[in-house]
Amino acid sequence: MSTNFIPGPDAALSIWAANFSAYVTTNATALGVPTTDATALASAVTAFGGAIASHTTAVANAKSVRETKQTDRQSLVSQARLIARRIQANPAVTNTQKDAAGITVPATTRTPAPAPTTVPAATLDTNAGLRQVLRLVDSGTDKRRKPRGAIGAEVYMAIASAPPAGVDQLSLRDVNSSTKVIQEFNSADTGKTAFYAFRWVNTRGDKGPWSDITAATIAA
């Protein structure tokens, strides 16, 4: 028999220790174990079992709190970006007002940014841990960069059991300033399908054509 008889996993150790303690307590005299030692062992088994229960509860609570935080963060960022985009597209808002609001002040240029004519083509890069990471490639250059004059890509998304009939069935989730799109989900979304559509938007709020709708099953 191996001398390393102590189980590694906590659950297995708890079961083994309970059985070991019970046997030692019942047969302490025959085993030559002082009663005080047997009692101390039983107390240690009880304390460890309680610690496992507390740890399990804490882990579950921490996961729930993290998911709530991620949901609230996503909602905040989406709303802030949406309002900032509307401010940027309003010709009556001055650069001074934009600076005071803490949003990007577009560089002064004599040539207005052209309306986007290309589309962001999306590929799924990561799909694990309730997170999907998509990479956007501009159809005009086949490179991971925004077209000239674009401030980013509007990200529309919906979780549905069947492919949407059109983009109007999706909702705006973000105006992504890079070509890396990160979407977080809750555990209740595991196994469901997320449908995405993208389009470039420029500094004047002009929008380009829609991309194809991309589908990705949400992985745990």
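It should be emphasised that the depicted structure is a prediction, and the values quoted were computed from it without experimental measurement. (Residues numbered from 1 in each chain as written. Predicted model: local features only at pLDDT ≥ 70, side-chain atom pairs only at ≥ 80, totals over all residues. Heavy atoms only, no water.)

**Student:** Give me the packing of helix 1 (residues 10–26) against helix 3 (residues 35–89): which residues, what numbers.
**Tutor:** The interhelical angle for the contact between helix 1 and helix 3, taken along N-to-C directions, is 155 degrees, at an axis separation of 9 Å. With respect to helix 3, the element helix 1 is oriented roughly antiparallel. Here helix 1 runs over helix 3; the crossing is left-handed. In contact with Asp-10, Leu-13, Ser-14, Ala-17, Ala-18, Phe-20, Ser-21, Val-24 and Thr-25 of helix 1, helix 3 contributes Ala-38, Leu-41, Ala-42, Val-45, Phe-48 and Ile-52. (Axes fitted to C-alpha atoms, helices over the stretch in contact; angles between N-to-C directions. Helix = DSSP H or I, 4+ residues; strand = E, 2+ residues; numbered from the N terminus. Parallel < 35°, antiparallel > 145°, perpendicular 65-115°, else oblique. Left-handed = near helix turned anticlockwise from the far one by under 90°. Contact = heavy atoms within 4.5 Å.)

**Student:** Outline helix 1, supporting the account with residue identities and numerical values.
**Tutor:** Every α-helix carries 3.6 residues per turn, so stepping three or four residues along brings you back to the same face. Relative to the 24 Å expected for 17 residues at 1.5 Å per residue, helix 1 spans 24 Å between its end C-alpha atoms, a close match to the ideal helical length. The set of residues buried in helix 1 consists of Ala-17, Ser-21 and Val-24. Buried residues of helix 1 fall within an arc of 65 degrees about the axis and therefore sit on the same side. Pointing more than 90 degrees away from the buried face of helix 1 are the exposed residues Ala-11, Ile-15, Asn-19, Tyr-23 and Thr-26. Contacts made by the buried residues of helix 1 are with helix 2 (28–31) and helix 3. (Expected span 1.5 Å × (residues − 1). Buried < 20%, exposed > 50% of the residue type's maximum accessible area, 1.4 Å probe, protein only. Arc of directions from axis to C-beta.)

**Student:** Break down the sheet that holds strand 4 (residues 171–176) for me, with residues and values.
**Tutor:** Ordered by their spatial adjacency, 4 strands build an open sheet running 4-3-6-7, and the pairing between neighbours is antiparallel. What marks the edges here is a single partner per strand, and that holds for strand 4 and strand 7 (214–217). Averaged over all pairs of adjacent strands, the angle between their axes in this sheet comes to 30 degrees, without regard to strand direction. With 5 bridges connecting them, strand 3 (residues 150–160) and strand 4 associate as antiparallel partners. Within strand 4, the residue paired with Ala-153 across the bridge is Asn-176. (Pairing = 2+ DSSP bridges.)

**Student:** Kindly report on the environment of Leu-124, identifying the contributing residues and their values.
**Tutor:** Secondary-structure assignment places Leu-124 in strand 1 (residues 120–128). Taking the relative accessible area as the measure of exposure, Leu-124 reaches 39% and is therefore partly exposed. Considering only alpha carbons, one finds Leu-124 and Glu-67, 57 residues apart in sequence, at a separation of 22 Å.

**Student:** Provide a residue-level description of a positive patch on the surface, including the pertinent values.
**Tutor:** The grouping of Lys-63, Arg-66, Lys-69 and Arg-73 at the surface amounts to a positive patch. With respect to the element layout, Lys-63 can be found in helix 3. (Patch = residues over 30% accessible without salt bridge, like charges linked within 9 Å, V, L, I, M, F, W, Y side chains within 5 Å. Areas by Shrake-Rupley, 256 points an atom, 1.4 Å probe, with all protein chains shown as cover. Salt bridge = Lys/Arg side-chain N within 4 Å of Asp/Glu carboxyl O. Lys, Arg positive; Asp, Glu negative; His and termini not counted. Charge placed at Lys NZ, Arg CZ, Asp CG, Glu CD.)

**Student:** I'd love a proper account of the packing of aromatic side chains, names of residues and values included.
**Tutor:** Tallied over the full model, the rule gives 4 aromatic pairs. Measuring from centroid to centroid gives 4.9 Å for Trp-16 and Phe-20, while their planes differ by 15 degrees, and the two rings are stacked. Note that Trp-16 and Phe-20 are positioned in helix 1 at a spacing of 4 residues, about one turn of the helix. A residue is classified by how much of its surface remains accessible, and Phe-20, at 37% relative accessible area, is partly exposed. Considering the side-chain rings of Tyr-156 and Trp-210, the 4.9 Å spacing of their centres and the 90 degrees angle between planes classify their relative orientation as edge-to-face. Within this pair, whereas Tyr-156 is found in strand 3, its partner Trp-210 is found in the loop between strand 6 (193–202) and strand 7, the two being separated by 54 residues in sequence. Overall, Trp-210 belongs to the partly exposed group, its relative accessible area being 30%. An aromatic cluster of at least three residues, connected via ring pairs, comprises Phe-5, Trp-16 and Phe-20. (Phe/Tyr/Trp six-rings, centres within 6.5 Å; stacked < 30°, edge-to-face > 60°.)

**Student:** Lay out the sheet that holds strand 2 (residues 131–138) with the relevant residues and their values.
**Tutor:** With antiparallel pairing, the 3 strands of this open sheet are ordered in space as 1-2-5. Every other strand in the sheet has two partners, leaving strand 1 and strand 5 (180–184) as the edge strands with one partner each. Strand after strand, the sheet turns through a mean of 25 degrees between neighbouring axes, direction not considered. Sheet analysis places strand 1 next to strand 2, joined by 8 bridges and oriented antiparallel. Bridge pairing in strand 2 places Pro-120 opposite Asp-138.

**Student:** Describe helix 3, with residues and values.
**Tutor:** Look at helix 3: 81 Å from first C-alpha to last across 55 residues, which is about the 81 Å you get at 1.5 Å a residue. Those residues of helix 3 that fall on the buried side of the exposure criterion are Ala-38, Val-45, Glu-67, Gln-70, Ser-78, Leu-82, Ala-84, Arg-85 and Gln-88. The inward-facing, buried residues of helix 3 contact helix 1, helix 4 (95–101), strand 3, strand 4, strand 5 and strand 6.

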